[in-house]
Amino acid sequence: MTVTADPLVGPPIFVRSRRGNPREHNARLPVAVPFSVAIIAAAVAGGILDFAYPAYGWWPAAFGSVTIGLWTLRGRSLPGAFLISLVYGAAFYFTHLAWVSRFLGPIPWVALAGLEALLFGAGGVLIALAYRATTRTGYGYRAITPLLVAGVWVLRETLMGSTPYTGFPWARVGFSLAESPLAEAASWVGTTGLSFLTVLVCASVVEALILRRWEPAAAAAVIVVAAIAVPLFPTEQAGMLRVGWVQGNGPSGYFDTKTTGDILRAQEEATAPLLDREMDLLVWPEGAVDADPLRDVAVAGRLDRLVQGAGAPALVNAATTRGADTFNTSMLWTSAGPQQLHDKANPVPFGEYVPDRWFYEAIAPDLIGLIQREYTPGSNTPLMNVGDVPIGLAICFDVIYNDVIHQSAASGAQMFVFQTNNADFRGTDENLQQLAIARMRALETGRTAVNVSTTGTSQVIGRDGKVLAQVAVDTTAAKITEVPLRTGTTLAVVLMPWLGWTLSIGSVLALLVVSIRQRRSDAHSQEDGWMKL
């Protein structure tokens, strides 16, 4: 018997008939849609996924998009799976990350979105392998298909969030659920757990539709209901802190027309209405001090007068030079000067430093030449004590990294302050996408988060993800908010360092075991069948 196989569809499968003869079980036909249809569906699904995130925030789109994406991979060959997932990833990332090109131009946008799409495509190969390993056997193996597929999806998110150059864990599926009824489940399983549960639901729906069985659909329904019904993980009230926060709306963009001191001046002017009011802490955003106060005596004097007028310490941020290194530094400035420092742990590649500069200057010398900053990664704990109140920190994009958030929370933070500068992305979805991530961090940790931007949008976000106070984008404003303090560690914080890697490694091991068992079963089936002939 001659078998002709479509190179973009999984290989034919041989199983024993009741008489022991080998026969082709063409299981791929009802599950692997035509390649052209799959490519179109993947492109549409990738575009749909962007609608799940701000500015749209239509979170059900995530479930629809992932379901379609998985459907296109079921029964697919490995090259076909790569191409389909590449199209899906390109449709999503080139849309979702369009804000990169607003001021930086098309080259960084194409480079980042293209790299993410390639990595996404590689992850699609693993998903196709998971389908191949489990759907060629009896229903007992097929029952674990959604679990394995969801685990492999988390593996892809985990790897993309850690490599290359510290990774870019910006667009995890879990982050799309910030405004959904499932968001409070993040206090139990974290964003990683929400990604896993979302894909598990979608993979279960695919199996229910393909196999025409009710069990996977029932499992998906139970997961959704349980995630909606679960309350916030309990934490304890530990008092209040009166926090003044200021959005100066100064010329903070990389290419804004300005001279040194203009941003600081804008912040001082915006802060003036607060100086006769009672507060425990004054917070300024990232880059609000546009000179190094550790070296510039005049700037240090202005900050001394600031805290004297506020009657409270000020959490400010500037680029600082210590020894041969330059850092993106947050400082708790008191009447005695800068008493505590925290340096940004993950400077942005090609924004705050250029990795392998020699290589990229050879490719795009003019573009790389614009990036003169070379920030050094910080190693100090993202935590400061305001009196006896420990406050967790994350500077701008550090909010997307689990290790920064976990280190703060595990060190006893009773609230969070996220200082950011979104001026380079005015008029885009970037600052709203980052706010959704900040909202998820508040839910995960069970802490209020004060997210202060140079140009907006700035928000105070409660532990339940609700907005307690807000200043709109491109607005100059200063507010004082009574911030609830909390103690107690959520389950999400406990799981944060290892859940992603545990699911990833467990899925790889499970995939290897199932694949090996399937190969042995296929070999025995063919050998036994031909011997009986």
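Just so you know, these numbers come straight off a predicted model, no measurement behind them.

## Here we look at the sheet that holds strand β11 (residues 449–453)
The strands making up a sheet associate through backbone hydrogen bonding, with each pair oriented either parallel or antiparallel.
Argument step 1. Taken in spatial order, the six strands of this open sheet run β8-β9-β10-β11-β12-β13, and their pairing is mixed. Edge positions in the open sheet fall to β8 (383–386) and β13 (467–471), since each of these has one partner strand only. The average undirected angle you get between the axes of adjacent strands in this sheet is 20°.
Argument step 2. Summarising the sheet, β11 and strand β12 (residues 458–461) pair through three bridges and their orientation is antiparallel. The residue bridging Ala 449 from the neighbouring strand is Ile 461, located in β12.
Argument step 3. Each of β8, β9 (389–395) and β10 (415–420) is contacted by helix α14 (residues 402–410), which is oriented at about 175° to β9, the strand it contacts most.
Argument step 4. The strands that helix α15 (residues 430–445) touches are β10, β11, β12 and β13; relative to β12, the one it contacts most, it runs at about 15°.

## What to know about helix α9 (residues 214–229)
Argument step 1. Relative to the 22 Å expected for 16 residues at 1.5 Å per residue, α9 spans 22 Å between its end C-alpha atoms, a close match to the ideal helical length.
Argument step 2. For α9, the complete set of buried residues consists of Pro 216, Ala 220, Ile 223 and Ala 227. One side of α9 carries all its buried residues, which in axial view fall inside an arc of 60°. Facing away from the buried side of α9 by more than 90 degrees, the exposed set consists of Trp 214, Val 222, Val 225 and Ala 229.

## Here we look at empty space enclosed by the protein
Argument step 1. Overall, the coordinates contain six cavities of 30 Å³ or more when judged by the stated rule.
Argument step 2. By volume, the largest cavity is sized at about 130 Å³.
Argument step 3. If you go around the largest cavity, you meet 16 residues; those closest to its centre are Tyr 93, Glu 157, Met 160, Ala 171 and Arg 172.
Argument step 4. Of all the secondary structure elements, the ones that give two or more residues to the lining of the largest cavity are α3 (78–96), α5 (106–135) and α7 (145–160).
Argument step 5. Sort the elements by how many residues they give to the lining of the largest cavity and α7 lands first, with four residues.

## Topic: unusual backbone geometry
Argument step 1. With an omega of -5°, the peptide bond running from Thr 163 to Pro 164 counts as cis.
Argument step 2. Along the chain, Pro 164 turns up in the loop between α7 and α8 (186–211).
Argument step 3. Cis peptide bonds are those with omega within 30 degrees of zero, and the linkage from Gly 456 to Thr 457 qualifies with 0°.
Argument step 4. Position of Thr 457 among the secondary structure elements: in the loop between β11 and β12.

## Structural notes on the layout of surface pockets
Argument step 1. In this structure, the second largest pocket encloses a volume near 410 Å³.
Argument step 2. Around the second largest pocket, the lining comprises 21 residues; the ones closest to its centre are Gly 161, Ser 162, Asn 402, Asp 403 and Trp 501.
Argument step 3. Of all elements in the fold, only α7, α14 and α17 (499–532) reach the threshold of two or more residues within the lining of the second largest pocket.
Argument step 4. Residues of the lining of the second largest pocket, tallied by class, amount to nine nonpolar, nine polar and three charged.

Definitions and limits used
- Residues numbered from 1 in each chain as written.
- Predicted model: local features only at pLDDT ≥ 70, side-chain atom pairs only at ≥ 80, totals over all residues.
- Heavy atoms only, no water.
- Pairing = 2+ DSSP bridges.
- Helix = DSSP H or I, 4+ residues; strand = E, 2+ residues; numbered from the N terminus.
- Axes fitted to C-alpha atoms, helices over the stretch in contact; angles between N-to-C directions.
- Contact = heavy atoms within 4.5 Å.
- Expected span 1.5 Å × (residues − 1).
- Buried < 20%, exposed > 50% of the residue type's maximum accessible area, 1.4 Å probe, protein only.
- Arc of directions from axis to C-beta.
- 1 Å grid on protein atoms, 1.4 Å probe; cavity = no way out; pocket = protein on both sides within 12 Å on 5 of 7 lines; lining within 4 Å.
- Points joined across faces, edges and corners; volume = space filled by probe spheres on them.
- Nonpolar A, V, L, I, M, F, W, Y, C, P; charged D, E, K, R; others polar.

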